[in-house]
Amino acid sequence: MEVEAVGPVPSPRRPVHAIGVTAELAAARTKLREAAPAEHWDGVLAEVQRLQNEERMAPLASLQAVYAKLASGWLPPLSR
């Protein structure tokens, strides 16, 4: 089977560094993990899940929102 070329592919002027959604999620989670105190981690994850479920936020947006809350001084209650 032969496929005809649509047209020439221009060479990029600078290297393209594509970052996939998975990489963005991993980076956001790592950043959140570094910002959250260890004893509050379960509560932080619960807040991420709550935002996704109740507020219908996308996973990346919910991670970023909780990171912003942590940066403003918010801490979830300690889980028992």
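Residues numbered from 1 in each chain as written. Predicted model: local features only at pLDDT ≥ 70, side-chain atom pairs only at ≥ 80, totals over all residues. Heavy atoms only, no water.

Engineer: I would appreciate a short explanation of the packing of helix α2 (residues 41–54) against helix α3 (residues 59–71) in the present structure.
Structural biologist: What describes two packed helices is the angle between their axes and the distance between those same axes. Their axes nearest at 9 Å, the elements α2 and α3 cross at an angle of 130°. One way to sum up the angle between α2 and α3 is to call them oblique. Seen along the crossing, α2 lies across α3 with a hand that is right-handed. Contacts from Val 44, Glu 47, Val 48, Leu 51 and Gln 52 in α2 reach Pro 59, Ser 62, Leu 63, Ala 65, Val 66, Lys 69 and Leu 70 in α3. Class assignment of the residues belonging to the contact of α2 with α3 gives a composition of eight nonpolar, two polar and two charged. (Axes fitted to C-alpha atoms, helices over the stretch in contact; angles between N-to-C directions. Helix = DSSP H or I, 4+ residues; strand = E, 2+ residues; numbered from the N terminus. Parallel < 35°, antiparallel > 145°, perpendicular 65-115°, else oblique. Left-handed = near helix turned anticlockwise from the far one by under 90°. Contact = heavy atoms within 4.5 Å. Nonpolar A, V, L, I, M, F, W, Y, C, P; charged D, E, K, R; others polar.)

Engineer: Would you explain the packing of helix α1 (residues 21–35) against α2 in this entry?
Structural biologist: At a minimum axis distance of 10 Å, the contact between α1 and α2 shows a crossing angle of 140°. On the basis of their axis angle, the class for α1 and α2 is oblique. Judged by the twist between their axes, the crossing of α1 over α2 is right-handed. Facing Arg 29, Leu 32 and Arg 33 of α1, the residues of α2 in contact are Trp 41, Val 44, Leu 45 and Val 48. Within the contact of α1 with α2, the residues separate by chemical class into five nonpolar, no polar and two charged.

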